[in-house]
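Each chain is listed here by its residues.
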Amino acid sequence: MQVNPVEAVWLAEDNEFSFPELVELSGLSEAELHELVDYGAITPVDPDSPQWVFKGRCLITVRAAYRLRASFDLDPHGIALVISLLDRIHGLEEELGSLRAQLPRHTART
Amino acid sequence: MKYKDYYGILGVKRDTVADAIKKAYRKLAHKYHPDVSKDPAGEEKFKEVAEAYETLKDPEKRAAYDQLGSYQPGQDFQPPPDWGRQFGDAESSFEGIDLESLFAGLSGGRHRAGHGSGPIRMPGQDYEVTAHISLEEAFRGTEIELNLTVPEYDEKGSLRRVPRTFKVRIPKGAADGQRLRLAGRGGKGINGGRDGDLYLNIALHPHPLFRVSGHDLYLDLPLTPWEAVLGASVEVPTLGGPVQLKVPPNTRAGQHLRLTRRGLPKSHDKEGDLFAIAQIVVPTAASERERELFKQLADVSTFNPRGHFQQEVTSAS
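If you're wondering where the values come from, they're calculated on a predicted model, not measured in any experiment.

What counts and what doesn't
Residues numbered from 1 in each chain as written. Chains lettered and ligands numbered in written order. Predicted model: local features only at pLDDT ≥ 70, side-chain atom pairs only at ≥ 80, totals over all residues. Helix = DSSP H or I, 4+ residues; strand = E, 2+ residues; numbered from the N terminus. Contact = placed C-beta atoms within 7 Å. pLDDT = per-residue confidence, 0-100. Pairing = 2+ DSSP bridges. Axes fitted to C-alpha atoms, helices over the stretch in contact; angles between N-to-C directions. Buried ≥ 20, exposed ≤ 12 C-beta atoms within 10 Å, placed from the backbone. Nonpolar A, V, L, I, M, F, W, Y, C, P; charged D, E, K, R; others polar. Core = buried A, V, L, I, M, F, W, Y, C linked by C-beta atoms within 7 Å. Domains from an automatic or database assignment. Parallel < 35°, antiparallel > 145°, perpendicular 65-115°, else oblique. Left-handed = near helix turned anticlockwise from the far one by under 90°.

1. A word on the overall build of chain A
Part 1: Across its full length, chain A holds 5 helices and 4 strands.
Part 2: N-terminal to C-terminal, the α/β element order of chain A is β-β-β-α-α-β-α-α-α.
Part 3: Dimensions of chain A, computed from the C-alpha atoms along their principal axes, are close to 55 × 45 × 30 Å.
Part 4: Of the contacts formed within chain A by residues at least 6 apart in sequence, a portion of 64% connects residues at least 24 apart.

2. A closer look at the confidence of the model for chain B
Residue and element names in this part refer to chain B.
Part 1: For chain B, the average pLDDT comes to 88, and 94% of its residues sit at 70 or higher.
Part 2: In this model residues 108-116 is a low-confidence stretch, pLDDT under 50, and it forms 17 contacts with partners more than four residues away in sequence or in other chains.
Part 3: The complex prediction reports pTM at 0.80, with the ipTM value standing at 0.83.

3. Focus on the environment of His-205 of chain B
Residues and elements named next belong to chain B.
Part 1: Along the chain, His-205 falls in the loop between strand S5 (198-204) and strand S6 (210-213).
Part 2: For the pair His-205 and Arg-85, spaced 120 residues apart in the sequence, the C-alpha separation amounts to 51 Å.
Part 3: Once residues lying within four places of it in the same chain are set aside, the contact partners of His-205 are His-132 and Ser-134.

4. Remarks on the sheet that holds S6 of chain B
The strands that make up a sheet are held in pairs by hydrogen bonds between backbone atoms, and each pair lies either parallel or antiparallel.
Part 1: Here we have 4 strands laid out as an open sheet, ordered S6-S7-S11-S10 (chain B), and mixed in their pairing. Of all the strands in the sheet, just S6 and strand S10 (256-259) of chain B have a single pairing partner and so form its edges. Strand after strand, the sheet turns through a mean of 30° between neighbouring axes, direction not considered.
Part 2: Direction of pairing for S10 of chain B relative to strand S11 (residues 274-280) of chain B: antiparallel, over a ladder of 4 bridges. Bridge pairing links Leu-257 of chain B to Ala-276 of chain B in S11 of chain B.
Part 3: Most of the contacts of helix H4 (residues 76-102) of chain A go to S6 of chain B, to which it runs at about 155°, and overall it touches S6 and strand S7 (216-223) of chain B.

5. What to know about the pairing of S11 of chain B
Residues and elements named next belong to chain B.
Part 1: With 5 of 7 residues buried, S11 lies mostly within the body of the structure.
Part 2: Inspection of the sheet shows S7 paired to S11 by 7 bridges, in the parallel sense. Across the sheet, the residue bridging to Tyr-218 is Phe-275, located in S11.

6. Considerations on the interface of chain B and chain A
Part 1: In this complex, chain B contributes 29 residues to the contact, which on the side of chain A involves 26 residues.
Part 2: Examining the composition of the side of chain B that touches chain A, we find that 6 residues originate from one element, strand S3 (residues 159-170) of chain B, more than from any other.
Part 3: The class makeup of the residues in the side of chain B that touches chain A is 12 nonpolar, 6 polar and 11 charged.
Part 4: Where strand S2 (residues 9-10) of chain A meets strand S4 (residues 179-182) of chain B, 2 bridges bridge the pair, whose relative direction is antiparallel. Its bridge partner being in S4 of chain B, Val-9 of chain A is matched across the sheet by Arg-181 of chain B.

7. Some details on the nonpolar core
Part 1: Leu-22, Leu-36, Val-62 and Ala-65 of chain A together with Leu-219 of chain B are the most contacted members of the largest nonpolar core, which totals 52 residues.
Part 2: The element best represented in this core is helix H3 (residues 57-72) of chain A, accounting for 6 residues.
Part 3: Residues from two domains meet in this core; each of domain 2 (121-206) and domain 3 (210-301) of chain B gives at least three.

8. Quick word on the packing of helix H2 (residues 30-38) of chain A against H4 of chain A
A packed helix pair is summarised by two numbers, namely the angle formed by the two axes and the spacing between the axes.
Residues and elements named next belong to chain A.
Part 1: The contact between H2 and H4 brings their axes to 9 Å, and the two run at 50°. Between H2 and H4, the angle falls in the class oblique. Our pair here, H2 against H4, has a crossing hand that is right-handed. Counting all contacts with H2, which are made through Glu-32, Glu-35 and Leu-36, the residues of H4 involved are Pro-76, Ile-79 and Ala-80.

9. Quick notes on the packing of helix H2 (residues 18-32) of chain B against helix H3 (residues 42-56) of chain B
All names here are of chain B.
Part 1: For the pair H2 and H3, the least separation of the axes is 9 Å and the interaxial angle reads 160°. Taken together, H2 and H3 sit at an angle that is classed as roughly antiparallel. Crossing hand, H2 versus H3: left-handed. Judged by residue contacts, Ile-21, Tyr-25, Leu-28, Ala-29 and Tyr-32 of H2 engage Gly-42, Lys-45, Phe-46, Val-49, Tyr-53 and Leu-56 from H3.
Part 2: Grouping the constituent residues of the contact of H2 with H3 by class yields 9 nonpolar, 1 polar and 1 charged.

10. Section: the sheet that holds S5 of chain B
Part 1: Pairing is mixed across the open sheet formed by 4 strands, whose spatial order is S2(A)-S4(B)-S5(B)-S1(B). At either margin of the open sheet sits one strand with a lone partner, and together these are S2 of chain A together with strand S1 (127-133) of chain B.
Part 2: When S1 of chain B meets S5 of chain B, the two strands line up parallel, connected through 7 bridges. Considered in S5 of chain B, the bridge of Ala-131 of chain B is made with Ile-202 of chain B.

Now the structure itself:
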């Protein structure tokens, strides 16, 4: 069967989603997403704007939020707490990975 | 269809009460959930655990599961006669269906057009896959073929697992852990709901020479003692082909020599950097002549790399 290749889009800083798009793509309700913003789990580009817009990376966060809610029956406050801790872990892992990359290989392997 | 022991997967007995099943599930979910677990096999294990709990947490589904009987895990079996009439759609065939789809179908009937109070628009399922690619593929961009077995509703509204092939063009500049979204390439929406998306999680294979940090690359650069002292022009590999690197005189071990824009490409025509980390390497077996020359050097040199030892000890006491 002939399968045509499709272009993929990076979820990064240079693409954005509106609030309704994020609701649709995350599987979370508007109220849940509002609470995640209130608790600081995700931040709109301009929180004062009447039309919230979010960086592409936020979609990764809210999809994780959806999975955590479904798997652990967490409320938005619990989800926001887990997400902030996961963010810290990911940040530390990135830092660790970067420091390991800078070590000469024979040292990095030990 | 193959039998799965849902009680065994959750590590509970068949007569365990609902609360204890929930507790057993949560314990295993903490251990294997892909968002919190570092276990490489965690995702697969979590899928099993979640599938088992999805059925056993629901009293109706649990009763239906119990009615199937008990078999060895992986053993071929068929639901007893009348099982379909009692729990599912009597007209549904069990041909080509697996246990997960069978139980998903027990609630899936509500998605079918024309049933109950009317069709409900349901978005298609999102698929999430890890794509392992090489550093060279990340550098120049690549096309990969993904063969997945995904759950899809057939024309009768029954959930089936079907093989699907996706060809995905990964743009250049992928960094480890980056995510790609392919809109509308997930499961088909139901009753006019939007199609799901396909998410790719990029994982880079370790490279024998380069280590990756974001879009920057690190390379060990072995130098002879005389190259380090005198300076040299040496050829170093990069992902775009070899280049000449000027090593300045008096280069120390561990010093980073930066090759600007020789790392992984980023968006907007930017690139990460390549850092060559100087390592001073001595010959494992020096020839007689080399030893002689080193001895001459030792005789004339006043360089003492441990001079600060004495200084530090004196100032501390």
